[in-house]
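Take a look at the letters that make up each chain.
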Amino acid sequence: MTAPMSRTPSFAPLVLDPEAEVERIAAWMRARLRLDLRKRGLVLGLSGGIDSSLSAALAVRALGAKNVFALFMPENDSDPESLRLGRSVAQTFGIESVVEDIGPTLAAMGCYERRDAFIREAVPEYGAGWASKIVFDNPMTSGGYNISSLVVRSPDGETRKVRLGAGSYLGIVAATNMKQRTRKQLEYYHADRLNFAVLGTPNRLEYDQGFFVKNGDGAADIKPIAHFYKSQVYQLAAYLGVPAEILSRPPTTDTYSLPQTQEEFYFALPYDKMDICLYGLENAVPAATIAEATGLKAGEVELVWADIAAKRKVARYLHSQPLVMG
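Quick caveat, the model's predicted, so the values are computed rather than measured.

It is worth spelling out the packing of aromatic side chains at this point. Applying the stated criterion across every chain, the model contains six aromatic pairs. Relative to Tyr279, the ring of Phe11 has its centre 5.5 Å away and its plane inclined at 75°; by these criteria the two rings are edge-to-face. One end of the pair, Phe11, is in the segment before helix 1 (18-37); the other, Tyr279, is in helix 11 (residues 271-282), with 268 residues separating them in the sequence. The two residues Phe11 and Tyr279 agree in class, both being buried. Cluster of aromatic residues (ring-pair linked, three or more members): Phe11, Tyr229 and Tyr279. It is Arg193 that lies over the ring of Phe69; its NZ or CZ is 5.1 Å from the centre. Directly above the ring of Phe212 sits Lys223, whose terminal nitrogen or CZ lies 5.6 Å from the centroid.

Set out below in structure tokens:
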């Protein structure tokens, strides 16, 4: 199979030797599964995104397709493209898979009803036929603060943006997090019945800054790409033959009923610039050097670094284990 053209970054420290990295990760996955987890295979949710696609490809490289099982878990707000692209990944790598539509389960738990009730605190007329998403103002244009807003679209196509109070924001997010936790419950069901482990799919940006739901998509037995920057994920995915459509698809959350990019919801910049900023922060590279590499101003780099630090504080709780008195 001919791999699609890689998104090799221009920032040299982020360029990988894909062949060497793939073999190193595959060996690590085999060892951890055999020695630590004592499981014979891996289960993962395939979202049609780049991270889960690479994770699936690595699992097949490490264990063979017969020891990998994939779930597609659409719900009422999912983009149909996600299911189609996820299926293309399973077909490309020969992975057995099943569709688990979680929409009815979420509806029965009141996920959509609870979310809409909090939305109506800001937009009283919100109801059937409407769509919405949460967005954040860029810290570089909002004085370094992450200010949440609600974007809604009425049935006649009118779109507007309104500020959210803290209670409304927390309520919408709490209801929406049911989606990730329900998916994880199904992953562990299939893992238990197969005697497999659950494969987590966060990349370094997501893992470092808490872009996951605790006990939802943050829960897993093994996370093989959590040390890779997003641009490195693309390099490895291209090398392993992930479908070109996925390599060219902009990263999305596919969580809200309106299309939503990851920059709108969480990250201050597109992933390629965020990677460089995070690398610079972790390796004490001067702000001026990072500014030159990203096309930002040095002061803007400092704001991004401050935003990373703030998100890391939030992520401490997400990464924490239960407190046990002893």
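Evaluation of the coordinates by the stated rule reveals 17 salt bridges. Note that Arg24 is salt-bridged to Glu21, the shortest N-O span being 2.7 Å. Taken together, the residues span about one helical turn, with Arg24 and Glu21 both in helix 1 at a distance of three residues. Classification of Arg24 by relative accessible area gives partly exposed; the value is 47%. We note a salt bridge from Lys230 to Asp51, for which the minimum N-O separation is 2.9 Å. In this pair, Lys230 sits in helix 8 (residues 230-240) while Asp51 sits in helix 2 (residues 50-63), placing the two residues 179 residues apart along the sequence.

Quick look at the sheet that holds strand 4 (residues 131-136) now. In spatial order, the strands read 4-5-6; together these three strands make up an open sheet with antiparallel pairing. Each having just a single partner strand, strand 4 and strand 6 (159-163) make up the two edges of the open sheet. Strand-to-strand twist of the sheet, defined as the mean angle between neighbouring strand axes without regard to direction, takes the value 25°. Where strand 4 lies against strand 5 (residues 148-153), six bridges are found, and the strand directions are antiparallel. Among the inter-strand pairings, Phe136 is bridged to a residue of strand 5, identified as Ser148. Along the sheet, helix 6 (residues 166-194) contacts strand 4 and strand 5; its crossing angle with strand 4, the most-contacted strand, is approximately 115°.

In this structure, Asp79 sits in the loop between strand 2 (68-72) and helix 3 (80-93). For the pair Asp79 and Leu258, spaced 179 residues apart in the sequence, the C-alpha separation amounts to 9.2 Å. With residues up to four places along the chain from it excluded, the contact list for Asp79 reads Arg249 and Asp254. A distance of 2.9 Å separates the side chain of Asp79 from the backbone nitrogen of Glu81, its partner in a polar contact.

On to the nonpolar core, then. Soluble globular proteins: nonpolar side chains tend toward being buried together. Within the largest apolar cluster, 78 residues are counted, with the highest numbers of intra-cluster contacts made by Met29, Leu42, Ile134 and Leu150. Top element by residues in this core is helix 2. It accounts for nine residues. Among all residues touching Met29, those that are not within four sequence positions of it are Leu42, Leu58, Ala59, Ala62, Leu199, Ile222 and Pro224. Judged by nonpolar contacts, the second largest core, of 13 residues, contains Leu106, Tyr112, Leu194 and Phe196.

Turning next to the packing of helix 12 (residues 287-294) against helix 13 (residues 298-319). Angle between the axes and distance between the axes are the two parameters that describe a pair of packed helices. Packing of helix 12 against helix 13 leaves a shortest axis separation of 8 Å and a crossing angle of 100°. Comparing their axes, helix 13 and helix 12 come out roughly perpendicular. Mapping the contact onto sequence places Ala287, Ala288, Ile290, Ala291 and Thr294 in helix 12 and Ala298, Val301, Glu302 and Trp305 in helix 13.

The subject of this paragraph is the pairing of strand 6. As paired strands, strand 5 and strand 6 are joined by five bridges and run antiparallel to one another. Among the inter-strand pairings, Arg153 is bridged to a residue of strand 6, identified as Thr159. Two successive antiparallel strands, strand 5 and strand 6, enclose a turn made up of five residues, where Gly157 displays a positive phi of approximately 95°.

This paragraph deals with the confidence of the model for the chain. When pLDDT is averaged across the chain, the result is 93; 94% of the residues are at 70 or more. Considering only residues more than four positions removed or in separate chains, one finds that residues 1-6, a stretch of pLDDT under 50, has 13 contacts.

Let us look at helix 3. Given 3.6 residues per turn, any residue in an α-helix points the same way as the ones three and four places further on. For helix 3, spanning 14 residues, the distance from its first C-alpha to its last is 21 Å, which sits close to the expected 20 Å at 1.5 Å a residue. For helix 3, the complete set of buried residues consists of Ser82, Leu85, Gly86, Ser88, Val89, Ala90 and Phe93. N-capping of helix 3 is provided by Asp79, with a side-chain oxygen placed 2.9 Å from the backbone N of Glu81. Taken from the residues just after helix 3, Gly94 is the one with a positive phi, measuring 70°.

What counts, and where the lines are drawn
- Residues numbered from 1 in each chain as written.
- Predicted model: local features only at pLDDT ≥ 70, side-chain atom pairs only at ≥ 80, totals over all residues.
- Heavy atoms only, no water.
- Phe/Tyr/Trp six-rings, centres within 6.5 Å; stacked < 30°, edge-to-face > 60°.
- Helix = DSSP H or I, 4+ residues; strand = E, 2+ residues; numbered from the N terminus.
- Buried < 20%, exposed > 50% of the residue type's maximum accessible area, 1.4 Å probe, protein only.
- Lys NZ or Arg CZ within 6 Å of the ring centre and 35° of its normal.
- Salt bridge = Lys/Arg side-chain N within 4 Å of Asp/Glu carboxyl O.
- Pairing = 2+ DSSP bridges.
- Axes fitted to C-alpha atoms, helices over the stretch in contact; angles between N-to-C directions.
- Contact = heavy atoms within 4.5 Å.
- Polar contact = N/O pair within 3.5 Å; in protein donor to acceptor, adjacent residues only side chain to side chain.
- Core = buried A, V, L, I, M, F, W, Y, C linked by side-chain atoms within 4.5 Å.
- Parallel < 35°, antiparallel > 145°, perpendicular 65-115°, else oblique.
- pLDDT = per-residue confidence, 0-100.
- Expected span 1.5 Å × (residues − 1).

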